[in-house]
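Residues per chain are reported as follows:
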Amino acid sequence: MALSQMLGRLIGVRQRVVDPGGGGTARVPRPVEAVVVGGGIAGMSAAVVLAERGVAVTVLEAAPTLGGRLGAWPEALTDDTQLIEHGFHAFFRQYYNWRAILRRVDPGLGFLKPIPGYPILSGQWPTEEFGRLPPAAPLNLLALLLRSPSLRLADLRRMDQDAALPLLGYHPVRTYAEFDTTTADQLLTSLKLPDRARAMLFEVFSHSFFNREAEMSAAEMIAQFHFYLLGNPEGLAFDCPDEDYATAIWQPLTRHVEKHGGRVVTEAAVTRLDREPGGWRVRTADGSAYRAAHVVLAVD
Ligand SMILES: Cc1cc2nc3c(=O)[nH]c(=O)nc-3n(C[C@H](O)[C@H](O)[C@H](O)COP(=O)(O)OP(=O)(O)OC[C@H]3O[C@@H](n4cnc5c(N)ncnc54)[C@H](O)[C@@H]3O)c2cc1C
């Protein structure tokens, strides 16, 4: 802990929070401006940590509302206005940085309500009962099998165990070197898993990320299997907001950025970036120009 933080705690001064995921210094040493292009999760997260560090940050979002793929926007009905969202979003427990950002607007994350199951779980046992599993992949696999009634030991016996080995041994470089040119479909077929087990264990990854197994990299699928099912104690446990995303997330995050001296501009589609001495000139479709030393591109 930095000396200034310790002193702050001792004398009860509220510290500015800076995302632990980012590293670096807590405050910029001199005034500096940054433009963030895109007001989804990535852009607003960047704006939060920059503003907290004292960067004069401007978010430029093309749409009338924030959030991008996690957006919510008003639609006029005949007798009412309804907030519409893209669809269901799971707030996974292992998304540590995103949850750290959300704690800015709700320190206890009270707006997130646990969802006590996932299609892969039996639904008979609440996930909490399994608690934090040891981070050893084989044990996690065992736990996964125990809580997935559609998977039986017989399924594992029928699997090609040599083909299945890479699933347990994910490595960020070696896995991609070995499997990036194989499709998820080819790898899964080689495992000889029964169809139902294959659908439950693996199709979730291609469906959730809008990939077809025949086009998705096997390395990518192994990485996701590792992160979500084997390598991570939080696994597939997740929560959901009890309010719409605009009310629960985007409005309070905007206020947080503004409180730290930043600004958020919607309906500002960036059309051009030009280098100029000392930084960048960022132009938007309405003819406005923004100058900044730094630009963060957080577009889709
Ligand atoms: C239906 C659906 C379900 C999903 N379910 C989950 C889930 O359960 N759990 C989960 O973790 N993730 C889920 N995701 C994925 C998650 O929503 C995305 O990974 C995340 O929202 C992406 O955030 P982002 O900031 O990177 O991009 P985006 O949300 O795409 O934000 C990019 C922003 O940039 C803006 N932009 C683009 N071009 C310009 C420009 N020229 N000028 C200014 N602004 C610009 C866009 O308008 C947009 O607002 C789901 C996605 C969808 C669509």
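Residues numbered from 1 in each chain as written. Predicted model: local features only at pLDDT ≥ 70, side-chain atom pairs only at ≥ 80, totals over all residues. Heavy atoms only, no water.

1. A word on the pairing of strand β3 (residues 72-76)
Sheet analysis places β3 next to strand β4 (residues 81-85), joined by five bridges and oriented antiparallel. When the sheet's bridge partners are listed, Pro 74 is paired in β4 with Leu 83. From the end of β3 to the start of β4, which pair antiparallel, there are four residues. (Pairing = 2+ DSSP bridges. Helix = DSSP H or I, 4+ residues; strand = E, 2+ residues; numbered from the N terminus.)

2. What about the nonpolar core?
By size, the foremost hydrophobic cluster in this structure holds 31 residues, and its most contacted members are Trp 98, Ile 249 and Trp 250. Ranked by the residues each element gives to this core, the list is headed by helix α11 (residues 245-259), at seven residues. Counting residues in hydrophobic clusters, the runner-up holds 28 residues, among them Tyr 170, Leu 201, Ile 222 and Phe 238. (Core = buried A, V, L, I, M, F, W, Y, C linked by side-chain atoms within 4.5 Å. Buried < 20%, exposed > 50% of the residue type's maximum accessible area, 1.4 Å probe, protein only.)

3. What to know about the confidence of the model for the protein chain
The predicted model of the protein chain has a mean per-residue pLDDT of 81, with 76% of residues at 70 or higher. Contacts for the low-pLDDT stretch residues 1-15, under 50 throughout, to residues beyond four places or in other chains number six contacts. Across residues 118-136 the pLDDT falls below 50, and counting only partners more than four positions away or on other chains, this stretch makes 29 contacts in the model. (pLDDT = per-residue confidence, 0-100. Contact = heavy atoms within 4.5 Å.)

4. Quick word on the environment of Ala 219
Within the fold, Ala 219 resides in helix α10 (residues 218-230). In this structure the C-alpha to C-alpha distance between Ala 219 and Thr 183, which are 36 residues apart in sequence, comes to 8.2 Å. When neighbours within four sequence positions are excluded, Ala 219 is seen to be in contact with Thr 175, Tyr 176, Phe 179 and Asp 180.

5. Remarks on the sheet that holds strand β12 (residues 294-297)
Spatially, four strands are ordered β8-β2-β1-β12 in an open sheet, and the strand pairing comes out parallel. With one partner strand each, in any of the chains shown, β8 (263-265) and β12 form the two edges of the open sheet. On average, adjacent strands in this sheet sit at an angle of 20° to one another, irrespective of strand direction. Of the strand pairs in this sheet, strand β1 (residues 33-37) and strand β2 (residues 56-60) are connected by five bridges, and their pairing is parallel. Bridge assignment links Ala 34 to a residue of β2, and that residue is Val 57. (Axes fitted to C-alpha atoms, helices over the stretch in contact; angles between N-to-C directions.)

6. Notes on the site of the ligand
Taken together, 25 residues sit near the ligand, with Ala 42, Glu 61, Arg 69, His 89 and Ala 90 positioned nearest. Within the backbone of Gly 68, an N or O atom sits 3.4 Å from an oxygen atom of the ligand. For the ligand, the protein covers 74% of the area, taking 1000 Å² as the surface of the free molecule. Judged by the proximity of its atoms to the pocket grid, the ligand belongs to the largest pocket. The residue makeup of the shell around the ligand, split by class, is 16 nonpolar, six polar and three charged. (Near = heavy atom within 4 Å. Polar contact = N/O pair within 3.5 Å; in protein donor to acceptor, adjacent residues only side chain to side chain. Areas by Shrake-Rupley, 256 points an atom, 1.4 Å probe, with all protein chains shown as cover. 1 Å grid on protein atoms, 1.4 Å probe; cavity = no way out; pocket = protein on both sides within 12 Å on 5 of 7 lines; lining within 4 Å. Sits in = over half its atoms within 2 Å of the grid points. Nonpolar A, V, L, I, M, F, W, Y, C, P; charged D, E, K, R; others polar.)

7. Focus on the side chain of Asp 244
Relative to the helices and strands, Asp 244 resides in the loop between β7 (238-241) and α11. Buried and without a salt bridge, Asp 244 has Arg 255 as its closest oppositely charged side chain, separated by 11 Å. One polar contact links the side chain of Asp 244 to the main-chain amide nitrogen of Ala 246, over a distance of 3.0 Å. Of note is the side chain of Asp 244, whose polar atom sits 2.8 Å from the side chain of Thr 247. Among all residues touching Asp 244, those that are not within four sequence positions of it are Leu 83 and Glu 85. (Lys, Arg positive; Asp, Glu negative; His and termini not counted. Salt bridge = Lys/Arg side-chain N within 4 Å of Asp/Glu carboxyl O.)

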